[in-house]
Amino acid sequence: MNSLTLNDHVVIVTGAGKGLGEAVVSGLIEKRLQFPGLKLFLTSRTLSELEALQIKAKSFGVEAEVLAADLATNPVLAIEKCVQRFGRVDTLIHCAGVGRFGEFQSLTRDDLEFVMKTNIEATFLLLQKAFIQMKSQTIQNGLRGQIQVITSVAGEKPFEQSSIYCMSKYAQRGLLEVMRLYAYREQIRILEVKPGAALTPMWGEVTADMTSKMMKPSDVAIPMIDALLLPPSATLETLTIRPLSGDL
Ligand SMILES: NC(=O)c1ccc[n+]([C@@H]2O[C@H](COP(=O)([O-])OP(=O)(O)OC[C@H]3O[C@@H](n4cnc5c(N)ncnc54)[C@H](OP(=O)(O)O)[C@@H]3O)[C@@H](O)[C@H]2O)c1
């Protein structure tokens with residue numbers, strides 16, 4: 001049934017080196033038969049992690065370019081470098097994100113600025129640049145582009161210890177809802193991915209009990225990749241995926 005293919009698809013993945021981003025990259029490589037001529041543009045701050053993924057991609061015959069860069073200082077560089085290298089951006093999968101957690105009364109101005117810089121300022125500027133680039137492109141495989149952003153269930157539900165994080169995720173959701181008003185008339189699809197707890201480096205140390213309840217990163221990545229292959233006559237707008245036992 002699932003016979004759709006996307007030819008010569010150029011995909012940028014931010015936060016590609018670890019966690020959910022790494023799972024998305026691995027999933028795309030594994031699904032390469034449905035992406036003939038796939039070109040990956042992988043970015044995060046840690047070059048060694050990106051290079052390991054580049055080697056993995058190459059071993060499966062998938063072309064991958066890497067960029068070690070801080071989104072907080074240069075949020076649009078990945079789009080510029082990808083266009084220079086591959087000529088277009090068919091899909092942006094924005095996985096890079098940060099959190100600072102603690103009691104509401106204890107979080108500091110530094111915590112606030114750190115999270116807002118990446119989750120809000122960089123996200124806005126990155127998505128704006130991606131939209132402008134996609135809007136300028138010819139239609140390929142029925143679309144001008146696809147944008148997927150990992151927000152969180154914390155973008156629609158409050159969690160203790162997460163005041164700054166929740167605020168940033170609610171804000172990302174607001175941006176995506178406005179962007180859809182512009183994107184659909186340009187044949188650009190926008191998917192908000194709202195995961196619950198998945199076991200990634202973001203969590204730091206976790207107890208065995210928590211580990212047993214959390215999703216694997218691939219649990220989130222698999223439906224994201226399937227959503228890229230949805231026929232261009234339709235759009236999946238939100239994808240909420242949480243552990244079967246519920247939120248932690
Ligand atoms: N894991 C979960 O349970 C969960 C649940 C809901 C939502 N999310 C969201 O999913 C996204 C990915 O989370 P994750 O769990 O995969 O986190 P993670 O394991 O900490 O990975 C985050 C990735 O983002 C990159 N990154 C962070 N700040 C960056 C910056 N300023 N510039 C460039 N790259 C940056 C990191 O790369 P470097 O370290 O190399 O810079 C890393 O590759 C985040 O938006 C997070 O809020 C996660």
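Refer to the structure presented above.
Report on the accompanying structure.

Calculation rules
Along each chain, residue indices are assigned from 1 in the same order as the chain's sequence is written. Note on the predicted model: pLDDT of at least 70 is required for a residue's local features to be given, and 80 or more for side-chain atom pairs to be given and counted; whole-chain, interface and lining totals, by contrast, use all residues. Neither water nor hydrogens contribute to the side-chain values; these are computed over all heavy atoms in the structure. Residues are classed as near a molecule or strand on a simple rule: at least one heavy atom within 4 Å of it. Residues adjacent in sequence count toward polar contacts only when both atoms are side-chain atoms; beyond that, a polar contact is any pair of N or O atoms within 3.5 Å, and within protein one must be able to donate a hydrogen and the other to accept it. Here, Shrake-Rupley sampling with a 1.4 Å probe gives the accessible areas, and only protein chains in the shown set may cover a residue. Comment: elements are numbered from the N terminus, with helices defined as DSSP H or I runs of at least four residues and strands as E runs of at least two. Any residue outside Ala, Val, Leu, Ile, Met, Phe, Trp, Tyr, Cys, Pro, Asp, Glu, Lys and Arg is labelled polar, Gly included; the first ten of those are nonpolar and the last four are charged. When a carboxyl oxygen of Asp or Glu is within 4 Å of a side-chain nitrogen of Lys or Arg, the pair counts as a salt bridge. When accessible area is computed with a 1.4 Å probe and restricted to protein chains, residues below 20% of their type maximum are described as buried, those above 50% as exposed, and intermediate ones as partly exposed. Think of it this way: DSSP has to see at least two bridges between two strands before they count as a pair. Looking down the strands as they point away from the viewer, one classifies a crossover as right-handed if the path from the first strand across the helix to the second runs clockwise.

1. A few points about the site of the ligand
The local shell around the ligand holds 30 residues, among which K18, R45, T46, Y165 and T200 are the closest. In this structure, G15 approaches the ligand through a main-chain N or O atom, which is 3.3 Å from an oxygen atom. In the environment of the ligand, an oxygen atom lies 2.8 Å from a nitrogen or oxygen atom belonging to the side chain of K169. Taken by itself the ligand offers 890 Å² of open surface, and the protein chains cover 94% of this. At the level of elements, helix 1 (19-30) and helix 5 (163-183) are the ones that each hand at least two residues to the shell around the ligand. Residue composition of the shell around the ligand, by class: 15 nonpolar, 11 polar and 4 charged.

2. Here's the deal with the pattern of salt bridges
Tallied over the entire structure, the rule returns 17 salt bridges. With a shortest N-O distance of 2.7 Å, K194 and E156 are connected by a salt bridge. Placement of the pair is K194 in strand 6 (residues 188-195) and E156 in the loop between strand 5 (145-150) and helix 5, with a sequence separation of 38 residues. Of the residues examined, K194 reaches a relative accessible area of 7% and is grouped as buried.

3. Considerations on the environment of R185
Among the secondary structure elements, R185 is positioned in the loop between helix 5 and strand 6. The exposure class of R185 is exposed, given its relative accessible area of 60%. Of the polar contacts made by the side chain of R185, one reaches the backbone oxygen of L181; its length is 3.2 Å.

4. What about the pairing of strand 2 (residues 39-44)?
The element strand 2 is extensively covered by neighbouring structure, given that 6 of its 6 residues are classed as buried. Going residue by residue along strand 2, you find K39, F41 and T43 tucked away on one face and L40, L42 and S44 tucked away on the opposite face as well. Relative to strand 2, strand 1 (residues 10-14) is paired through 5 bridges, and the arrangement is parallel. Residue pairing in the sheet places V13 in a bridge with L42 of strand 2. Bridge count between strand 2 and strand 3 (residues 63-68): 6 bridges; the pairing is parallel. Within the sheet, the bridge partner assigned to K39 lies in strand 3 and is E63. Following the backbone out of strand 2, through helix 2 (residues 47-59) and into the adjacent parallel strand 3, one traces a crossover that is right-handed.

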